[in-house]
Amino acid sequence: NTYKLAVNTTATGNGSVGSSPAGINCGTDCSEDYNYNTIVDLTAAPAVGSSFTGWSGSCSGTGVCAVTMDAAKSVTAEFTLNTYLLTMRR
């Protein structure tokens, strides 16, 4: 049996998600079918000016997301835009 792993990213920041074993390169390819019991490691890479703030769905936390494919799964990677404080002096 194979099951679909779907990856989403949030729209407030920018970044990509890759997988091992290969198949997901989200930015462009955000879903893939994997064999039953395959462990898929997802890694988030924030774009310049953004930060990775965590996983939701079938994962949580901020490290590598390890998903065991024993059913169809969905994961969301949250990226936020960096903000900076500007102080002006007269």
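The model shown is predicted, which means the values in this text are computed figures rather than measured ones.

The rules we used
Residues numbered from 1 in each chain as written. Predicted model: local features only at pLDDT ≥ 70, side-chain atom pairs only at ≥ 80, totals over all residues. Heavy atoms only, no water. Disulfide = S-S within 2.5 Å. Buried < 20%, exposed > 50% of the residue type's maximum accessible area, 1.4 Å probe, protein only. Pairing = 2+ DSSP bridges. Helix = DSSP H or I, 4+ residues; strand = E, 2+ residues; numbered from the N terminus. Axes fitted to C-alpha atoms, helices over the stretch in contact; angles between N-to-C directions. Phe/Tyr/Trp six-rings, centres within 6.5 Å; stacked < 30°, edge-to-face > 60°.

Q: What exactly am I supposed to notice about the state of the cysteines here?
A: By definition, a disulfide is the covalent link that joins the sulfur atoms of two cysteine residues. Across all of its chains, the model carries two disulfides by this definition. Bridging Cys-26 to Cys-30, the disulfide has an S-S length of 2.0 Å. The chirality of the disulfide connecting Cys-26 with Cys-30 is right-handed, given an S-S dihedral of about 85°. According to the relative accessible area criterion, Cys-26 is buried, its value standing at 2%. What pairs with Cys-59 in a disulfide is Cys-65, and their sulfur atoms sit 1.8 Å apart.

Q: Just checking my understanding: could you explain the sheet that holds strand E5 (residues 39-46) for this structure?
A: Think of a sheet as strands paired side by side through backbone hydrogen bonds, with each pair either parallel or antiparallel. Spatial ordering of the open sheet is given by E3-E2-E5-E7, a layout of four strands whose pairing is antiparallel. A single partner strand is all that each edge strand has here, and the edge strands are strand E3 (25-26) and strand E7 (65-68). Here E5 pairs with E7 via four bridges, running antiparallel. When the sheet's bridge partners are listed, Val-40 is paired in E7 with Val-67.

Q: Which parts of the structure should I look at to understand the sheet that holds strand E6 (residues 50-57)?
A: Spatial ordering of the open sheet is given by E4-E1-E8-E6, a layout of four strands whose pairing is mixed. Edge strands, defined here as strands with exactly one partner in the open sheet, are strand E4 (31-35) and E6. Averaged over all neighbouring strand pairs, the angle between strand axes comes to 25°, with direction disregarded. As paired strands, strand E1 (residues 2-9) and E4 are joined by five bridges and run antiparallel to one another. Bridge pairing links Leu-5 to Glu-32 in E4.

Q: Mind showing me how you'd approach the packing of aromatic side chains here?
A: Any two aromatic rings considered together are summarised by their centre-to-centre distance and by the angle between their planes. On inspection of all chains with the given rule, the structure shows three aromatic pairs. For the ring pair Phe-52 and Phe-79, a centre distance of 5.6 Å and an interplane angle of 55° mean the geometry is tilted. Highlighted residues: Phe-52 in strand E6 and Phe-79 in strand E8 (residues 73-81), separated in sequence by 27 residues. Residue class for Phe-52 comes out buried when judged on its relative accessible area of 17%.

Note that all results are geometric; they support no functional claim without further evidence.
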